[in-house]
Amino acid sequence: MDFELSEEQQLIRDSMRDFAKRYIAPDVKERDANKTFPYDLVQRLAEQGFMGMVHPVEYGGGGIDHISFCLAIEEIARWDASLALTVASHTSLGSGHIELAGTDEQKEKYLTPLAKGDKLAAWCLTEPGSGSDASGMKTTAEKKDDQWIINGSKIFITQGSVGDTYVVLAKTDPNKGTKGISTFIVESSREGVQSGSKMEKLGMNSSDTTEVYFEDVEVPEENLLGAEGKGFIDTMKVLDGGRIGIGALSVGIARGALEESMKYSGERKQFGSPIGDFQAIEAKLADMATEIDAARFLVHRAAWLKDQGKPFKQAASKAKLFASELAVRAADKAVQIHGGYGYIKEYHVERFLRDAKLMTIGEGTSEIQRMIIARELKKEFWG
């Protein structure tokens, strides 16, 4: 087992770390306060090839491995979790679903501009009445001649109002439960597609999140993504991969919390000594550092398994579960270490705490991850 990063992986990590310090960190507080989507940074990332890192070169991507992708996401999230979420959701969910299930023609037409960063993807799964229970979705797609007619609404859609290409889950046979769910590629410019106003959130303020409505939206039959009725199965595969990215994003938040705490505890003095010399603070810093290493190893193991073409469902859920809950713990410790200053927006750590909470909810709650892990364990031990 080799724990050393390859030269290429180190280069990607270092390049993104430099990019983040130069372009992401300086205005992150303003983006959070103003809740503005960073079009300029997304464009810069696209120019550097970071909006389609893991996609095949023949479709405009970078063709890199998933450990490198995790390294890049961690570096972005160290400063701006909202931007990291934009990159991760665009790559792993929206365009990732097209890479997984698309035909060569669909990949050429839709994946290529997404991988190049010329367009943004939005993945439309969750509905007002169905979250973890996808079988409860109400959105429908009805075949009429050579068109599919889509009706329904989606909620909590990342890139909902700025996305160009939607990947939409809908019921094509409402009587078959999850086996009656199919997936469609829908351009946001199509008649009948409308995004709602931006949702007011606890954190992730510069990530675009809206509802999306579909009213008699006509899409050609060739926009069916994957086999009819197989949308749910493909979605579970997409989520398994997406959880690796969320794990990396969570590690980035936790690392930011630790690094800001190390800086502050070395500068802040009480009773004539830096507070970092106090045993209670040392314990918090030590716990944070140890758990961050553990989380990163879990994330990289899941990414390695995916790269090797080996089963990674359980590993991805373990990584996502541990890293996401760590992000909340680490951010909470960071606020405590900063004391009153940790509660004001002059410092980064209050934003880390607000942003971290989503990691335990999005792409499958912690409760769902524990259920998946337990089911996989029972398969392994009970057969």
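- Labelled according to an unreviewed UniProt entry, the protein chain appears under the name Acyl-CoA dehydrogenase family protein, originating from Fodinibius salsisoli.
- Per its UniProt entry, the protein chain bears the Cofactor (unreviewed entry) comment "FAD".
- The heading Sequence similarities (unreviewed entry) in the UniProt record of the protein chain holds the text "Belongs to the acyl-CoA dehydrogenase family."

### Quick word on the nonpolar core
Consideration 1: I24, L45, I73, I244, L249, I253 and V299 are the most contacted members of the largest nonpolar core, which totals 71 residues.
Consideration 2: At the level of elements, α1 (7–24), α3 (39–47), α4 (66–79), α5 (81–101), α7 (231–267), α8 (279–307), α9 (313–338) and α10 (349–356) are the ones that each hand at least two residues to this core.
Consideration 3: The leading source of residues in this core is α9, at 11 residues.
Consideration 4: Residue contacts for I253: discarding those within four places in its chain leaves A77, A81, A327, F352, D355, A356 and M359.

### Concerning the pairing of strand β7 (residues 209–220)
Consideration 1: Two strands pair when backbone bridges link them, and strand β3 (residues 147–158) and β7 are joined in this way by nine bridges, in the antiparallel orientation. Bridge assignment links I150 to a residue of β7, and that residue is V217.

### Regarding the environment of S207
Consideration 1: Secondary-structure assignment places S207 in the loop between β6 (193–195) and β7.
Consideration 2: The spatial distance from the C-alpha of S207 to the C-alpha of R31 is 9.6 Å, given a sequence separation of 176 residues.
Consideration 3: Not counting residues within four places of it along the chain, the set of residues in contact with S207 comprises S82, L85, T86, T158 and K201.

### Quick notes on the packing of aromatic side chains
Consideration 1: Per the counting criterion, the structure on display carries eight aromatic pairs.
Consideration 2: Here F37 and Y39 contribute two aromatic rings whose centre-to-centre distance is 4.9 Å and whose plane-to-plane angle is 70°, an arrangement assigned as edge-to-face.
Consideration 3: Judged by its relative accessible area of 53%, Y39 falls in the exposed class.
Consideration 4: Ring-pair connections join several aromatic residues into one group, and the members of that group are Y264, Y341 and Y347.

### Considering unusual backbone geometry
Consideration 1: One non-glycine residue, K35, lies in the positive phi region at around 55°.
Consideration 2: Tracing the backbone through its elements, the reader meets K35 in the loop between α2 (28–34) and α3.
Consideration 3: Backbone geometry at E363 places phi at a positive 55°, although glycine is not the residue there.

### Points about the pattern of salt bridges
Opposite charge on two side chains lets them pair, provided their charged atoms get close.
Consideration 1: The tally for this structure, following the rule as stated, stands at 24 salt bridges.
Consideration 2: With a closest N to O distance of 2.9 Å, E74 and R255 form a salt bridge. Within this pair, whereas E74 is found in helix α4, its partner R255 is found in helix α7, the two being separated by 181 residues in sequence. The pair formed by E74 and R255 is uniform in burial state, with each residue classed as buried.
Consideration 3: The closest approach of N and O atoms between D240 and R243, which form a salt bridge, is 3.4 Å.

### Digging into the UniProt feature "domain: Acyl-CoA dehydrogenase/oxidase N-terminal" (unreviewed entry) in the protein chain
Consideration 1: Mapped onto this structure's residue numbering, the UniProt feature "domain: Acyl-CoA dehydrogenase/oxidase N-terminal" (unreviewed entry) falls at residues 6–118.
Consideration 2: The distance separating the terminal C-alpha atoms of residues 6–118 is 29 Å; by composition the span is 73% helix and 0% strand.

### Here's the deal with the environment of G129
Consideration 1: Examined against the element boundaries, G129 turns out to sit in the loop between β1 (121–124) and β2 (140–144).
Consideration 2: Among the residues examined, G129 registers a relative accessible area of 73% and is labelled exposed.
Consideration 3: Spatially, the C-alpha atoms of G129 and I155 are 9.3 Å apart, while their sequence positions differ by 26 residues.

### Digging into α8
Consideration 1: End to end, α8 covers 42 Å across 29 residues, agreeing with the expected 42 Å (1.5 Å per residue, within 8%).
Consideration 2: Those residues of α8 not exposed but buried are I281, L285, M288, I292, A295, R296, V299, H300, A302, A303 and L305.
Consideration 3: Those residues of α8 hidden inside the fold are in contact with α4, α7 and α9.
Consideration 4: Among the residues trailing α8, G309 stands out with phi positive, at a value near 75°.

### Digging into a negative patch on the surface
Consideration 1: Together, E191, E215, D216 and E218 make up a negatively charged patch on the protein surface.
Consideration 2: By the element assignment, E218 lies in strand β7.
Consideration 3: A residue is classified by how much of its surface remains accessible, and E218, at 46% relative accessible area, is partly exposed.

Criteria and cut-off values
- Counting from 1, residues in each chain are numbered in the order their sequence is written.
- In keeping with the predicted nature of the model, local features appear solely for residues at pLDDT of at least 70, side-chain atom pairs appear and are counted solely at 80 or more, and the whole-chain, interface and lining totals rest on all residues.
- In computing side-chain properties, one takes all heavy atoms of the structure into account and sets aside hydrogens as well as water.
- UniProt positions are given in the numbering used here, feature names are shortened, and annotations may be inferred rather than shown by experiment.
- In these notes, a set of buried Ala, Val, Leu, Ile, Met, Phe, Trp, Tyr and Cys residues joined through side-chain atoms within 4.5 Å is what counts as a nonpolar core.
- Note on exposure labels: buried denotes an accessible area under 20% of the residue type's maximum, exposed denotes more than 50%, and partly exposed covers the range between, all computed with a 1.4 Å probe on protein chains only.
- Helix numbers and strand numbers start at the N terminus; a helix is a DSSP run of H or I with at least 4 residues, a strand a run of E with at least 2.
- Two residues form a contact once any of their heavy atoms are found within 4.5 Å.
- At least two bridges found by DSSP between two strands is the condition for calling them paired.
- Centre distance within 6.5 Å is the pairing criterion for rings of Phe, Tyr and Trp, where only the six-membered ring of Trp is used; planes under 30 degrees apart are then read as stacked, over 60 as edge-to-face, and the remainder as tilted.
- Any carboxyl oxygen of Asp or Glu within 4 Å of a side-chain nitrogen of Lys or Arg constitutes a salt bridge here.
- Each residue after the first adds 1.5 Å to the expected span of a helix.
- For patches, a residue must show more than 30% relative accessible area and have no salt bridge; joins then use 9 Å for like charges and 5 Å for nonpolar side chains, namely Val, Leu, Ile, Met, Phe, Trp and Tyr.
- Areas reported as accessible are Shrake-Rupley estimates using a 1.4 Å probe. Residue values count occlusion only from the protein chains shown.
- Positive charge is attributed to Lys and Arg, negative charge to Asp and Glu, and no charge count is given to His or to the chain ends.
- Every charge is mapped onto a representative atom, which is NZ of Lys, CZ of Arg, CG of Asp or CD of Glu.

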